[in-house]
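# Per-entry structural report
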Amino acid sequence: MDASIFALLTQDGIVNGAVYVLLALALVLVFTVTRIIFIPQGEFVAFSALTLAMLENGRFPGTVWLVLAGGLAVCAMEAGALVARHDWRHRLQVLGWNLAYPLALWALAALVDWRGAGQLARIAFTLALVIPLGPMMFRVFFQPIAAAPVLVLLIVAVAVHVALVGLGLWMFGAEGYRTLPLWDENFLVGPLRIPGQAVWVVGASLALIVLLAQFFSRTIYGKALRATAVNRNGARLMGISPNLAGRLTLMLAAAIGAVSGILVSPITTIYYDTGFLIGLKGFVAAIIGGLAAYPAAAAGALLVGLLESFSSFWASAYKEVIVFTLIIPVLFWRSLRTHHVEEEEE
């Protein structure tokens, strides 16, 4: 290995690590607020990338049907809850967000020639399709069992992941896709060639981290999520709805996953089940942070990206094994330092 190869592998590791940072932060956020170990996080990445690929190829994205089905399910559940409470004032709001919005997306997907539209328009429509899946998923699968133990929530998360992988195969097929690069320029820094897409990935990741930090520190909803993460019962006593916090948290997780999919799809081929491996690497980084510390999770994500990059050079056949084996010493070290505490009774 010479200096140029070392620099190239470091560049790839930082680019991959920038994506894993976002996924790790999303996983930590979801767990601290809702206690859900969110296994389906990678599906947002895959669905976003494949939806954008469908639009670029002039094909109807199957994500539209998923949003429609989710909207109908949420509408039925919310309507039942309103009837039980004899609350008729919010019926239009329930119908608007959960039925009218998916129908509007279906009309846009069917009537607009997205292959002739600009890339920014396709990206905006992709985000509009994928981001609502987060709060819909929470309302349908997790809100009814929000007080269940962590193990039950994990089992449901695994079941949702398996179902989404099967739906991904049905919606997008087994073929892999790459999307158009956001920036196809190349920059020479000494012997190193830096693709414009790599600049986009790192820059967008840093910008998103800054926006999230501002959201949590300066907005009332961000402060509500921080309060829920610190003490769920205390936040509830202060009037913060745990259901609203859960929906908002999964909406942020879906947004992070969707942006990650758009960033990574021009540099790697995405299949219907690719999200699981990408999300699992973000999960390894989140475990390094103890599913609680954001800076440690971000550092762990960069470590995972660099380890994956250098492993692909030294032992490409075992790079996934090497990355996932990293979790063993971390768990062992944490088991020695952490005292067992019984789960908080709700």
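Higher on the page you've got the structure.
Everything in this summary refers to the structure shown in the same document.

About the cut-offs
- Residues numbered from 1 in each chain as written.
- Predicted model: local features only at pLDDT ≥ 70, side-chain atom pairs only at ≥ 80, totals over all residues.
- Heavy atoms only, no water.
- Patch = residues over 30% accessible without salt bridge, like charges linked within 9 Å, V, L, I, M, F, W, Y side chains within 5 Å.
- Areas by Shrake-Rupley, 256 points an atom, 1.4 Å probe, with all protein chains shown as cover.
- Salt bridge = Lys/Arg side-chain N within 4 Å of Asp/Glu carboxyl O.
- Helix = DSSP H or I, 4+ residues; strand = E, 2+ residues; numbered from the N terminus.
- Buried < 20%, exposed > 50% of the residue type's maximum accessible area, 1.4 Å probe, protein only.
- Contact = heavy atoms within 4.5 Å.
- Core = buried A, V, L, I, M, F, W, Y, C linked by side-chain atoms within 4.5 Å.
- Axes fitted to C-alpha atoms, helices over the stretch in contact; angles between N-to-C directions.
- Parallel < 35°, antiparallel > 145°, perpendicular 65-115°, else oblique.
- Left-handed = near helix turned anticlockwise from the far one by under 90°.
- Nonpolar A, V, L, I, M, F, W, Y, C, P; charged D, E, K, R; others polar.

## Things to note about a nonpolar patch on the surface
Side chains of Phe60, Trp65, Trp106, Leu167 and Trp170 sit close together on the surface and give an oily, nonpolar patch of about 530 Å² of accessible area. Locating Trp65 in the fold gives a position in helix α3 (residues 63-85).

## Some thoughts on the side chain of Arg139
Note on placement: Arg139 falls in helix α6 (residues 133-142). Exposure remark for Arg139: the relative accessible area of 9% places this residue in the buried category. The contact partners of Arg139, leaving out residues within four places of it in the chain, are Val74, Met77, Glu78, Ala81, Pro144 and Arg247.

## Focus: the nonpolar core
Grouped together as the largest cluster of nonpolar side chains are 87 residues, with contacts concentrated most on Ile36, Phe38, Phe47, Met137, Phe142 and Leu225. With 15 residues, the top contributor of residues to this core is helix α1 (residues 3-34).

## Re α6
Buried residues dominate α6, accounting for eight of its ten residues. Leu133, Gly134, Pro135, Met136, Met137, Phe138, Arg139 and Phe142 are the residues of α6 that are buried.

## Quick notes on the packing of α6 against helix α11 (residues 242-264)
It is the contact of α6 with α11, at a shortest axis distance of 7 Å, that shows an interaxial angle of 135°. Taken together, the axes of α6 and α11 are oblique relative to one another. Between α6 and α11 lies a crossing of right-handed hand. Contacts between α6 and α11 involve Gly134, Pro135, Met137, Phe138, Arg139 and Phe142 from the first element and Pro242, Asn243, Gly246, Arg247, Leu250, Met251 and Ala254 from the second. Class assignment for the residues of the contact of α6 with α11 results in eight nonpolar, three polar and two charged.

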